[in-house]
Amino acid sequence: AGDGRRASPIPAAVLTLVACGKRGNPVAPEVRVPRAVSDLKPTPHHDGTEPAWSLPRRRVDGTPLLDPGVATLYRTEDSGTGEPRPAMLVKDRIPGYTAVARFPLAERAASATGDAHMVYTDRGDLSFGRRYTYVVTSSDTRGHVSAPSTRASVTFVAAPEPPVGLQAEAGDAEVRLAWQAPARLVEGSPVSDALVYEIFRAPDATATPTAVGRTAAGETSFVDRGLANDVTYQYTGGAIRGEGAATA
C-alpha cells in the first residue's frame, strides 16, 4: 500500500560513556593532620607537675578526626633564663625534647562527645629550681602527626612544710581558724617569702575535703561562714608559695 517505498530499520546506536578523568585539586598532606593542641597548661604540685590539655577532634582542614591514634607528651628542662627551647616536629620527633608519656586515644574518643580532656602527673626526675617546658602532639591511626602544641613552662619549686598548730573556734554559723606558718620548705631550706594558705573542709574524717577558700599572702587565720550550727566539721590546710608549689 501507499507509494511502495520500504522503510529501512534504523540501526541501534550504542554509546559507551568513558570517564574523562578530570582530577580535583590535590590535598596537601599537612591539612590532613590533627589540629594542634592549643590549651596545654602545666600546674605545679608539691610532688610533681600536672600538665593538662584538650585533644581536638578535628583535622587542620576542619574534617572530623574519626580515627585518633596516640597523644605524646614531651618535656625539656633548663635553668629558667631566656626563652625555652623551640619545639619543631622532625620525623615525628621533637629534637631536644624527651617523650615522657604516650596515651592511646581510641577509647577516649569513643566515649567523648567533645574535645577529650587529658591530665598527666609528671613525677619523673624533677629537680627543684629547674624550669620544665612541655609540648604535646597527637596523631591518627594512619600516622599523621599534628604540629606541636604551644610550649608551656613551669618552674618546679620546693613546697613549704604543712602549717602547724591548726586551731578551730566555733561561732554562730561560722568557724574561726588559726595556725602557725611553717618555717621550712620540704627540702630543708628556710621559708623566705609570705605564704598563701588554702583551707579545706569535710563533713567527717572519712570524706574527701573540699577547698573553701584561700588567704591573702602572709595571713594565718581564716573565717569559714555560712555553716549549720550544731554540726561537726573537719578542717585541714595547705601552704602555697608565691611560685605555686603547695603542700597539704
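Residue numbers restart at each chain and count upward from 1, following the sequence in its written direction. Confidence filtering applies because this is a predicted model: local features only for residues at pLDDT of at least 70, side-chain atom pairs given and counted only at 80 or more, and all residues used for totals across whole chains, interfaces and linings. Note that the side-chain values use all heavy atoms of the structure and ignore hydrogens as well as water.

Caption draft 1: Geometry of the nonpolar core. Here, nonpolar core means buried Ala, Val, Leu, Ile, Met, Phe, Trp, Tyr and Cys residues that are tied together by side-chain atoms lying within 4.5 Å of each other. Buried residues are those whose accessible area, probed at 1.4 Å on protein chains only, stays under 20% of the maximum for their type, while exposed residues exceed 50% and partly exposed ones sit between those limits. In this structure, Leu40, Trp53, Leu55 and Phe103 are the most contacted members of the largest nonpolar core, which totals 18 residues. The secondary structure listing takes helices from DSSP runs of H or I that are at least 4 residues long and strands from runs of E that are at least 2 residues long, numbered from the N terminus. When contributions to this core are tallied by element, the ones reaching two or more residues are β2 (48-55), β3 (68-78), β4 (98-104), β5 (116-119), β6 (130-140) and β7 (152-156). Contacts of Phe103, omitting those with residues within four sequence positions, involve Trp53, Gly69, Val70, Ala71, Leu73, Met118 and Tyr120. Among the nonpolar cores identified, the runner-up in size contains 10 residues, and Val175, Trp179, Tyr197 and Leu227 belong to it. Working rule for contacts: check all heavy atoms of both residues, and any pair within 4.5 Å makes them a contact.

Caption draft 2: Structural view of the packing of aromatic side chains. In summary, the pairing rule links any two rings of Phe, Tyr or Trp, Trp by its six-membered ring, whose centres are within 6.5 Å, and it sorts them by plane angle into stacked for under 30 degrees, edge-to-face for over 60 and tilted for everything else. Evaluation of the coordinates by the stated rule reveals four aromatic pairs. Each ring, one from Phe103 and one from Tyr120, has its centre 5.7 Å from the other, and the planes form 75°; the classification is edge-to-face. Taken together, the residues Phe103 in strand β4 and Tyr120 in the loop between β5 and β6 connect sequence positions 17 residues apart. The exposure class assigned to Phe103 is buried, which follows from its relative accessible area of 11%. Under the relative-accessibility criterion, Tyr120 is labelled partly exposed at 24%.

Caption draft 3: Summary view of the sheet that holds β4. Taken together, the four strands give an open sheet; going across it, the order is β4-β3-β6-β7, and neighbouring strands pair in antiparallel fashion. Strand pairing shows two members of the sheet lacking a second neighbour, β4 and β7, which therefore form its edges. Here the strands of the sheet are splayed against their neighbours by 25° on average, with no regard to which way each runs. Two strands pair when backbone bridges link them, and β3 and β6 are joined in this way by nine bridges, in the antiparallel orientation. Residue pairing in the sheet places Thr76 in a bridge with Thr133 of β6. For two strands to count as paired, DSSP must find a minimum of two bridges between them. Lines fitted to C-alpha atoms define the axes here, with helix axes fitted over just the stretch in contact, and angles between the N-to-C directions of these axes take values from 0 to 180 degrees.

Caption draft 4: Region of the structure containing the pairing of strand β8 (residues 164-171). Pairing analysis gives six bridges linking β8 to strand β9 (residues 174-180), with the strands arranged antiparallel. Paired with Ala170 across the strands is Val175, a residue of β9.

Caption draft 5: Highlighting the environment of Arg75. Assignment of secondary structure puts Arg75 in strand β3. The sequence separation of Arg75 and Arg151 amounts to 76 residues, and the corresponding C-alpha distance is 9.6 Å. Not counting the four nearest positions on each side in its chain, Arg75 is found in contact with Tyr97, Thr98, Val100, Asp122, Gly124, Asp125, Leu126, Tyr132, Thr133 and Tyr134. We call two N or O atoms a polar contact when they sit within 3.5 Å, provided that within protein one can donate a hydrogen and the other can accept it, with sequence-adjacent residues counted only if both atoms are side-chain atoms. At 3.0 Å, the side chain of Arg75 and the backbone oxygen of Gly124 are in polar contact.

Caption draft 6: Inspection of the pairing of β6 at higher detail. Counting buried positions along β6 yields 10 of 11 residues, so the element is predominantly enclosed. In the sheet, β6 pairs with β7 via five bridges, with the strands oriented antiparallel. Looking across to β7, one finds that Arg130 is bridged to Phe156.

Caption draft 7: Spatial organisation of unusual backbone geometry. Of note in this structure, Lys91 is not a glycine but carries a positive phi near 55°. Within the element layout of this structure, Lys91 appears in the loop between β3 and β4. Using a relative accessible area of 78% as the deciding quantity, one classes Lys91 as exposed.

Caption draft 8: Up close: the side chain of Asp122. Positionally, Asp122 belongs in the loop between β5 and β6. Using a relative accessible area of 2% as the deciding quantity, one classes Asp122 as buried. For Asp122, the side chain forms a polar contact with the main-chain nitrogen of Gly124, separated by 3.2 Å. If near-sequence neighbours (up to four positions away) are discounted, Asp122 is found in contact with Gly48, Thr49, Pro51, Arg75 and Tyr134.

Caption draft 9: Molecular detail of the sheet that holds β2. The strand order β1-β2-β5 describes an open sheet built from three strands, whose pairing is antiparallel. At either end of the open sheet lies a strand with only one pairing partner, and these are β1 (41-45) and β5. Averaged over all pairs of adjacent strands, the angle between their axes in this sheet comes to 20°, without regard to strand direction. Bridge count for β2 against β5 is four bridges, and the pairing is antiparallel. Paired with Ala52 across the two strands is Val119, which belongs to β5.

Function cannot be read off these values alone, since they describe shape.
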